[in-house]
Amino acid sequence: MTTNSTALPLPASFALDRRLQRPLVILLALAAPLIALAMGKSWVRVLDFALLYVLLAIGLNLVVGFAGLLDLGYIAFYAVGAYTWAFLASPHFGLHLPFWIVLPLGAAFAALAGIALGFPTLRLRGDYLAIVTLGFGEIIRIFMNNLNQPINITNGPQGIDSIDPLTIAGLDLSKDLDLFGFQVSSLLLYYYAFLACVVAAIILVRRLQISRIGRAWAAIRDDELAAKAIGIDTRMMKLLAFALGATFGGVSGGLFAAFQGFVSPESFSLMESIVVLTMIVLGGMGNLAGVIVGAILLTALPELLRHFAVPMQMALFGKTLLDPEVLRMLLLSLAMIVMMLVRPAGLLPARTRYAHRDRRNA
Amino acid sequence: METFLQQILNGLVSGSIYALVALGYTMVYGILGLINFAHGELVMIGALVALQTVTLLSGAFPELHPVFLLLAGVGVAVPVCMVVGYLIERIGYRRLRNAPRLAPLITAIGVSFLLQTLAMIIWGREFHVFPQLVSTTPMQPMDGVVVSPLQIFTIVVALALMGGLMLLVNKSRLGRAMRATAENHRVAGLMGINANGVIAATFIIGSGLAALAGVLYASNYAIAHYAMGFTPGLKAFTAAVLGGIGNLPGAMVGGLVLGLVESFGAGYIEHLTFGFLNSSYQDIFAFMILGAVLIFRPSGLLGERVADRA
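The rules behind the values
- Residues numbered from 1 in each chain as written.
- Chains lettered and ligands numbered in written order.
- Predicted model: local features only at pLDDT ≥ 70, side-chain atom pairs only at ≥ 80, totals over all residues.
- Helix = DSSP H or I, 4+ residues; strand = E, 2+ residues; numbered from the N terminus.
- Rg over C-alpha atoms; globule rule 2.2 N^0.38 Å.
- Buried ≥ 20, exposed ≤ 12 C-beta atoms within 10 Å, placed from the backbone.
- Contact = placed C-beta atoms within 7 Å.
- UniProt positions renumbered as here; feature names shortened; annotations may be inferred.
- Nonpolar A, V, L, I, M, F, W, Y, C, P; charged D, E, K, R; others polar.
- Axes fitted to C-alpha atoms, helices over the stretch in contact; angles between N-to-C directions.
- Parallel < 35°, antiparallel > 145°, perpendicular 65-115°, else oblique.
- Left-handed = near helix turned anticlockwise from the far one by under 90°.
- Expected span 1.5 Å × (residues − 1).
- Bend = angle between axes of the 7 residues up to and from the residue.
- Core = buried A, V, L, I, M, F, W, Y, C linked by C-beta atoms within 7 Å.
- Pairing = 2+ DSSP bridges.

## Section: the overall build of chain B
Scanning chain B for helices and strands turns up eleven helices and four strands. Relative to the globule expectation of 19 Å for 310 residues, the C-alpha radius of gyration of chain B, 19 Å, shows essentially globular dimensions. Taking the principal axes of the C-alpha coordinates as reference, chain B spans close to 60 × 50 × 35 Å. Burial analysis of chain B (310 residues in total) assigns 50% to the buried set. The contacts in chain B between residues at least 6 apart in sequence include a share of 76% that link residues at least 24 apart.

Structure, rendered in structure tokens:
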């Protein structure tokens, strides 16, 4: 999506020709890990995670931004995808199925979980829905934490390790690739694999947004009663939003398990759901470009804090007053409050056909 | 039989604390139609401020009587929470009163995490031991049933506070203004009621109750922690929904019922599931009740409002 030039007045030097924008973004996406590699391998890792979060944010945006259903337990679907991969491709159960079975299965289970969550909550709106989804996320986490007795399924709080990496056509992405004498880092391989997923997701979601389904979601989000009145099957559409949103979470979770090689309930706390939600809120609910920017900004934030905030505090006060983790939470929560008060549409607001009217009402 | 009575007692203790917190949720919801997500954090702030006061006082005057320490702790914690509650409303929610539904909710989540982070900065990540200011020496009124003065104290204080609140809402001038504002802000305003003032008062009263609940909660579990507000907050919300959100007696009934269900659930879940699930699943009950109520009886036990209004 192109930036909304009226909503976000950019200085003339930044206001690029629209035709130039797309190739530039593509070039940047392809070159980013190489630039990061020059700064150190840990930055490529950050980029890899950023792409996973982009995938999550795109999925959650489908539910929250498009259909207007506030889901606070979204990370549960991520967990379902990750644990599916961990169960089916690790020594834990002795299964080592290939990715083209595990990943779709994880996505399918996540979609089922989405329907399971959506079905009883169809009648709920707004804040009720938020709390029930939050409870759902917590229930999933409690089960992951405790299902090591009497039968060991999830291995409890210790989690599952030595998970199989992503292997595409015999190419193990966890090992550096020797390409005509060049060493291609495993992190780079993962980056391009994730990038492919993200691009596929973007294309899919953009098509979806302008389709009948996407317009139905927008109608439900703006006025459910009116949507019903013009003949939209709101139940079906909401379920679809939950299921499709969950699918993205499931895929992202599977990739996370493969990339990390380890899953434990700790990775799927409420805080993670909130972080993904903040990415959307910050970037601009309903706007794909905004959501992606939000996800990248917030994934990079802790690393930036680690690199800059700590030395700065050392220089100013002679000791670290706030460690990066606390600072991150502080900034996240402030971002949510301030964005809602000052710029509720996000950094890059969604462009609607009636944008001028929305602005007058805001 | 003895376990049965014991479970009832345990359920009443936690239930009366949930009820106190649930009152705050339900009062705000009744007036603004907003779930004050940050309400649980006020429980935490109440407990931690009381703890800080008690620690400072007992450090300075070691010979002080525990009852005085408790009163001092409460005496500081309640006003602090009231101020925090007022600020939340004034800064966070007032400007968003006519905004789309999701906006105040997201702000509320932000406020909740902001308060947690601030508490983490002030009091650290570690668990603090909350001193036992009311005796916890167990007494045995009946064979097999154990009760401590603290538990009796908790139930009595909670019930007294609830009675006081009912009097305030039903008999006083402020209470009548609150009920009128809940009915319709604009019309209440036309009748000469300062709606903003009434809403602020609602937040302040709810926050005070949350602070007291926090002290009781921390005393009963002997622990205070920056993230301790989350669970009681969520459970109290469940209690409020169970009783019928917006309905004060409903919140009390809901709190007590939830406490009892939890205590029985935790006591018997192993038998019921043939040992598959154990008491570490206790926290699931609240969510299951919440889901069940919202599906089958969204108006709650005593409420008339429908969930769709949210």
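## Considerations on the overall build of chain A
What chain A contains, in helices and strands, is 13 helices and six strands. In terms of C-alpha radius of gyration, chain A reaches 21 Å, essentially the compact-globule figure of 21 Å for 362 residues. Considered along the principal axes of its C-alpha atoms, chain A spans approximately 55 × 50 × 45 Å. When each of the 362 residues of chain A is scored for burial, the buried share is 47%. When contacts within chain A are restricted to residue pairs at least 6 apart in sequence, those whose partners lie at least 24 apart make up 74%.

## Considerations on the UniProt feature "transmembrane region" (unreviewed entry) in chain B
Residues and elements named next belong to chain B. With numbering aligned to this structure, UniProt lists the feature "transmembrane region" (unreviewed entry) at residues 12-35, 42-61, 67-88, 100-124, 144-169, 190-217, 250-269 and 284-303. For residues 190-217, the end-to-end C-alpha separation is 41 Å, with 86% helix and 0% strand making up the annotated structure. Strand forms 0% of residues 250-269 and helix 100%; the C-alpha atoms that close the span are 27 Å apart.

## So, the UniProt feature "transmembrane region" (unreviewed entry) in chain A
Residues and elements named next belong to chain A. The sites that UniProt annotates as "transmembrane region" (unreviewed entry) are residues 20-39, 51-77, 97-119, 126-144, 187-205, 239-262, 274-297 and 328-350. Regarding residues 97-119, the helix share stands at 91% and the strand share at 0%, and the terminal C-alpha atoms are separated by 31 Å. Secondary structure content for residues 187-205 is 100% helix and 0% strand, and the end C-alpha separation is 26 Å.

## Here's the deal with the interface of chain B and chain A
On the chain A side, the residues contacting the 34 residues of chain B number 31 residues. Of all elements in the fold, only helix H4 (102-123) and helix H11 (284-296) of chain B reach the threshold of two or more residues within the side of chain B that touches chain A. Among the residues making up the side of chain B that touches chain A, the classes are represented as 23 nonpolar, seven polar and four charged.

## Observations regarding the packing of helix H3 (residues 75-88) of chain A against helix H9 (residues 234-260) of chain A
All names here are of chain A. At a minimum axis separation of 6 Å, H3 and H9 run at an interaxial angle of 45°. Classified by the angle between their axes, H3 and H9 sit oblique to one another. Classified by chirality, the crossing of H9 by H3 is right-handed. Along the contact surface, H3 presents Phe77, Tyr78, Ala79, Val80, Gly81, Ala82, Thr84, Trp85 and Ala86, while H9 presents Ala246, Gly249, Gly250, Val251, Ser252, Gly253, Gly254, Phe256, Ala257 and Ala258. Tallied by class, the residues present in the contact of H3 with H9 amount to twelve nonpolar, seven polar and no charged.

## Side note on the packing of helix H7 (residues 212-222) of chain A against H9(A)
Residues and elements named next belong to chain A. Relative to each other, H7 and H9 sit at 105°, their axes nearing to 10 Å. The angle between H7 and H9 places the two elements in the roughly perpendicular class. Note on element contacts: H9 touches H7 through Thr234, Met237, Lys238, Leu240 and Ala241, opposite Ile213, Ala216, Trp217 and Ile220. Tallied by class, the residues present in the contact of H7 with H9 amount to seven nonpolar, one polar and one charged.

## Some remarks on unusual backbone geometry
Positive phi is not limited to glycine here, since Ser162(A) has a value of about 45°. Looking at where Ser162(A) falls in the secondary structure, it is placed in the loop between helix H5 (126-146) and strand S3 (167-168). One non-glycine residue, Ala222(B), adopts positive backbone phi at about 60°. Note that Ala222(B) resides in the loop between helix H8 (195-221) and strand S4 (223-224).

## Focus on helix H1 (residues 18-39) of chain A
Residues lying three or four places apart along an α-helix face the same way, a consequence of the helix completing one turn every 3.6 residues. Residues and elements named next belong to chain A. Taking 1.5 Å per residue as the helical rise, H1 with its 22 residues ought to reach 32 Å, and the 30 Å between its terminal C-alpha atoms agrees with that figure. Taken as a whole, H1 carries its principal kink of about 40° at Ala31; the proline Pro33 stands between one and four residues after it. Two residues or fewer after H1 comes Gly40, characterised by a positive phi angle close to 130°.

## Details of the nonpolar core
Val54(A), Ala57(A), Ala19(B) and Ala47(B) are the most contacted members of the largest nonpolar core, which totals 210 residues. When neighbours within four sequence positions are excluded, Val54(A) is seen to be in contact with Val198(A), Ile292(A), Ala295(A) and Ile296(A).

## A short note on the pairing of strand S2 (residues 139-142) of chain B
Residue and element names in this part refer to chain B. Sheet topology places S2 next to strand S3 (residues 145-147); two bridges connect them, and they run antiparallel. Across the sheet, the residue bridging to Met139 is Val147, located in S3. What sits between S2 and S3 in their antiparallel hairpin is a turn of two residues, with Gly144 showing a positive phi close to 85°.

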